[in-house]
Structures are given as structure tokens and as C-alpha cells.
Amino acid sequence: MRTLKDRGFIHPTASEMTPRQVYEDRRGLLKAFAGGAALAALPAGAALAQGAKPGKGAPLAGTKSSVPGALTMDKPTAYADITSYNNFYEFGTDKSDPARYAGTLKPRPWTVAVEGEVKKPGTFDLDALMKLAPMEDRIYRLRCVEGWSMVVPWVGFSLAELVKRVEPTGNAKYVQFLTLADRAQMPGLRSGVLDWPYSEGLRLDEAMHPLAMLAFGVYGEVLPNQNGAPVRLVVPWKYGFKSAKSIVKIRFVDKQPKTSWELAAPQEYGFYSNVNPQVDHPRWSQATERRIGEDGLFAKKRPTPMFNGYEPQVGQLYAGMDLRKFF
Ligand SMILES: Nc1nc2c(c(=O)[nH]1)N[C@H]1C(S)=C(S)[C@@H](COP(=O)(O)O)O[C@H]1N2
Ligand SMILES: [Mo]
């Protein structure tokens with residue numbers, strides 16, 4: 001088994017991670033260099049605000065979701081932050097890499113193949129997929145395993161709509177999600193940091209839960225490439241890496257699929273990866289989180305709630321399970 005170190009990369013520990021403020025200052029400085037000396041006098045936040053222009057993407061309307069738990073009251077994170085501080089290793093491992101390099105991703109034309117243990121396998125063209133169900137606005141918390149979180153206003157619908165449409169057979173126990181892996185579009189594939197294509201998975205009952213979502217948009221616009229255009233998974237009660245971006249294949253299978261993060265570091269990233277403040281990552285605590293946009297000098301860390309706050313909705317899925325064993 002190759003370790004992350006063998007791959008020439010080790011996921012940063014929480015303490016090694018670039019503090020948000022430092023990151024913003026750096027980005028502010030980069031912008032200042034690009035934009036001329038006048039900007040250098042401004043605080044990082046001001047330089048940042050100049051780049052914040054929601055309204056660049058094509059509009060994608062949704063109606064307020066009625067799914068229980070789908071509309072958190074937490075204040076949404078700024079569009080500029082959601083679209084510039086990303087994890088999308090196909091474009092590099094730096095938080096700023098996806099926004100910088102994902103311009104080469106071609107989100108259209110796009111198809112999603114559905115195969116395996118289903119009565120109605122087939123390939124969905126993106127437009128057909130988008131018409132499977134009415135688009136809904138949902139506001140979800142997103143908790144990255146690295147210890148930061150955001151609040152994202154997604155546009156999309158329940159993954160269950162697709163699952164029902166393809167009619168899983170009695171042998172379907174798990175669902176695997178595979179991301180595009182095209183070296184011509186994704187410079188990060190040259191690195192062996194993960195096994196490509198990026199692979200993720202859910203148990204069938206998790207995939208059927210109404211909160212599990214196929215997202216096509218954010219802030220009322222189609223997804224920017226760096227956020228996983230044109231279609232991604234969003235599973236709000238699990239660590240962010242379960243929410244695979246730019247999906248091209250969905251496979252219904254009888255055995256638990258191997259995920260890219262499990263293959264890279266099985267002792268650190270389990271199949272379930274439910275957000276759980278009581279089960280620490282081997283190299284850092286998961287008890288608290290830093291909310292992006294709130295991390296000024298005196299900002300307090302927030303306590304991380306069980307199942308990222310979605311316990312009332314999803315707790316039953318794990319009744320009787322040892323969550324330390326099935327981390
Ligand atoms: N294909 C793919 N999907 C991915 C990732 C990735 O590297 N590749 N990173 C994951 C991680 S670690 C997180 S936290 C979220 C981040 O989503 P965001 O950039 O839209 O906030 O995407 C997830 N989906
Ligand atoms: Mo993450």
C-alpha cells in the first residue's frame with residue numbers, strides 16, 4: 001500500500017495549515033502586485049472584495065426546498081470565498097489552484113453514465129439530467145475534514161430523484177461516484193497524490209436520503225468550474241471530500257467501493273466519514289472548526305456538531321453502528 005508520503009504529499013495537519021488570515025493577506029498581496037501599487041495600501045479584505053462579483057455565471061433558478069434540514073439559518077459564506085478557497089485536487093493541491101486553473105474544464109457538452117445494479121442503466125445528457133426534478137435552493141453547511149467550514153447556497157435536487165429513476169436491483173447496496181479524469185483539462189492529474197479518477201461512495205440508503213444532493217449551481221448561478229461544474233454531489237453530514245465534483249459516472253454495486261482517499265490513507269479517511277466531533281483524525285482534533293469569513297484575529301472557533309448538525313435528519317441511518325470503527 002502506497003502511503004501519502006510515498007505519493008510525495010502529506011495532508012497538512014490542522015496546525016500546519018495556512019491560517020485563513022495569512023492566506024487572505026497573501027492573496028491580497030498577489031492582487032496588489034497584479035493591480036498596481038495603489039491596492040497595496042488597502043487591507044487584504046478590500047482587495048478581496050474587488051474580485052467578488054457574483055453574477056458572472058449563467059442564472060440557475062430554484063425554489064425554496066421543503067426537505068427537512070435543507071435550509072440552515074447560518075449566514076451563507078460570501079460568493080467570493082466559496083469560489084476562491086477550494087479543494088479540487090485535479091487542479092492542484094493549493095486552495096487557490098482550482099480557481100486559478102479550472103478554466104480549462106469544459107462543463108458542456110457533458111454526460112453522466114449510470115451503470116451496474118440498476119434496471120434502467122443509461123447515459124444522461126446534462127440537460128436531461130437537469131430536467132429530472134425541479135431545481136431547489138438549499139443552504140447547507142460544508143465541513144472539510146481539514147477543520148474549516150462554509151455555508152453554501154446550492155441549487156439542485158435530491159440524488160434520490162436519480163436513484164429512483166434508474167431503479168436499483170436487489171443487489172444494489174452501494175453507489176460509487178466517479179469524477180472526470182482528463183489530463184488535457186486537468187493539470188493536477190499528473191500528480192500521483194490520489195488515485196484517479198476521484199472515486200467516492202455512499203451506502204444505498206445514504207444515497208436515498210433526501211438531504212443527499214446533486215448540485216448544479218451555487219448562489220442562483222450554474223456552478224463555477226472550481227466548485228465542480230457541471231454537476232457534483234453534496235452530502236452535508238459527511239466531511240467535504242465525500243462530495244465528489246464534476247461527476248461523469250455513477251455505479252450501483254453490491255460491495256463497498258474503494259474511495260480515492262481511503263486508498264491514499266486508509267487509517268485517516270474511512271468510507272463513512274460522517275462529521276463527528278468525538279472521533280478525532282489521527283493527526284488532529286475534529287471537535288472544532290474555523291468558519292471561512294469569520295477568521296479575523298479574535299474570531300472564535302466553532303464547536304463542530306454531530307453529523308455537522310444534521311443528526312435529527314440522518315442519525316437513524318447509523319443506529320447501532322460503532323462510529324469509531326466505521327469512521
Ligand atoms: N473530484 C473532486 N471532488 C472533490 C475534491 C477533489 O479534490 N476532487 N475535494 C473534496 C473536498 S476535500 C472538499 S472540502 C470539497 C470542497 O468543495 P468546494 O471547493 O466547492 O467548497 O470538494 C470535495 N470534492
Ligand atoms: Mo475537504
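The structure presented is a predicted model; accordingly, all values stated were derived computationally and were not measured.

### Regarding the overall build of the protein
A count of helices and strands for the protein gives 10 helices and 13 strands. Expressed as a percentage of the 327 residues in the protein, the buried residues total 53%. Residue pairs at least 24 apart in sequence account for 73% of intrachain contacts in the protein once pairs closer than 6 positions are excluded. For the protein, the accessible surface area stands at approximately 14600 Å², while carbon and sulfur atoms represent 57% of it.

### Comments concerning unusual backbone geometry
Cis geometry is found at the peptide bond from R108 to P109, where omega equals -10°. With respect to the secondary-structure elements, P109 resides in the loop between α5 (97–101) and β2 (111–116).

### Quick notes on the site of ligand 1
In the vicinity of ligand 1 lie 17 residues, with N86, Y89, E90, R232 and K245 positioned nearest. Within the contact set of ligand 1, a nitrogen atom lies 3.2 Å away from a backbone nitrogen or oxygen of N87. In the environment of ligand 1, a nitrogen atom lies 3.2 Å from a nitrogen or oxygen atom belonging to the side chain of T179. Coverage of ligand 1 by the protein chains reaches 98% of its 530 Å² of free accessible surface. The class makeup of the residues in the shell around ligand 1 is eight nonpolar, six polar and three charged.

### Thoughts on the pairing of strand β4 (residues 136–143)
Looking down a regular strand, the side chains alternate between one sheet face and the other. By the criterion of burial, β4 is predominantly enclosed, with six of the eight residues buried. Where strand β1 (residues 63–64) meets β4, two bridges bridge the pair, whose relative direction is parallel. When the sheet's bridge partners are listed, K64 is paired in β4 with D137. Pairing of β4 with strand β5 (residues 148–158) involves eight bridges; the strand directions are antiparallel. Looking at the pairing, E136 lines up with G156 of β5.

### Regarding the environment of V152
Tracing the backbone through its elements, the reader meets V152 in strand β5. Among the residues examined, V152 registers a relative accessible area of 2% and is labelled buried. Between the C-alpha atoms of V152 and R138, which are 14 residues apart in sequence, the distance is 8.1 Å. Here V152 is in contact with I82, R138, I139, Y140, L142 and V218, once residues within four sequence places are set aside.

### Looking at the nonpolar core
Core analysis: the biggest nonpolar cluster contains 85 residues, and W154, L159, L162, F216, W237 and F252 have the highest contact counts within it. At six residues, the largest contribution of residues to this core is made by β5. Once you skip the residues sitting within four places of it in the chain, F252 turns out to touch V114, E115, G116, E117, V118, V163, V166, P168, A172, Y174, V175 and L204.

### Some details on the environment of M213
With respect to the helices and strands, M213 occurs in strand β8 (residues 213–218). Remark: the alpha-carbon pair of M213 and G156, spanning 57 residues in sequence, is separated by 6.8 Å. Those residues within four positions of M213 in sequence are excluded, and the remaining contacts are E136, R138, Y140, W154, V155, G156, F157, S158, L159, R232, L233 and V234.

### Notes on helix α7 (residues 159–166)
Burial in α7 covers these residues: L159, A160, L162, V163 and V166. The arc enclosing the buried residues of α7, seen along the axis, measures out at 160°, which places them on a common side. Where α7 terminates, the next one or two residues include E167, which has phi positive at roughly 55°.

### Things to note about the confidence of the model for the protein
Mean pLDDT over the protein works out to 89, with 83% of the residues at or above the 70 mark. With pLDDT under 50 throughout, residues 28–53 is counted as low confidence; its partners more than four residues away or in other chains account for 19 contacts.

### A word on the side chain of S149
Structurally, the position occupied by S149 is in strand β5. Exposure remark for S149: the relative accessible area of 1% places this residue in the buried category. Within the structure, S149 has its side chain in polar contact with the side chain of E289 (distance 2.8 Å). Residues within four places of S149 in sequence aside, it is in contact with L142, R143, E289, R290, R291 and I292.

### So, the sheet that holds strand β3 (residues 122–125)
Pairing is mixed across the open sheet formed by five strands, whose spatial order is β3-β2-β11-β6-β7. Looking at the sheet topology across the chains shown, the edges are occupied by β3 and β7 (199–203). Here the average twist between neighbouring strands, direction ignored, is 20°. The sheet strands contacting α7 are β2, β3, β6 (174–179), β7 and β11 (247–253), and the helix crosses β11 at an angle near 55°.

Quick notes on the rules
- Residues numbered from 1 in each chain as written.
- Chains lettered and ligands numbered in written order.
- Predicted model: local features only at pLDDT ≥ 70, side-chain atom pairs only at ≥ 80, totals over all residues.
- Heavy atoms only, no water.
- Helix = DSSP H or I, 4+ residues; strand = E, 2+ residues; numbered from the N terminus.
- Buried < 20%, exposed > 50% of the residue type's maximum accessible area, 1.4 Å probe, protein only.
- Contact = heavy atoms within 4.5 Å.
- Areas by Shrake-Rupley, 256 points an atom, 1.4 Å probe, with all protein chains shown as cover.
- Near = heavy atom within 4 Å.
- Polar contact = N/O pair within 3.5 Å; in protein donor to acceptor, adjacent residues only side chain to side chain.
- Nonpolar A, V, L, I, M, F, W, Y, C, P; charged D, E, K, R; others polar.
- Pairing = 2+ DSSP bridges.
- Core = buried A, V, L, I, M, F, W, Y, C linked by side-chain atoms within 4.5 Å.
- Arc of directions from axis to C-beta.
- pLDDT = per-residue confidence, 0-100.
- Axes fitted to C-alpha atoms, helices over the stretch in contact; angles between N-to-C directions.

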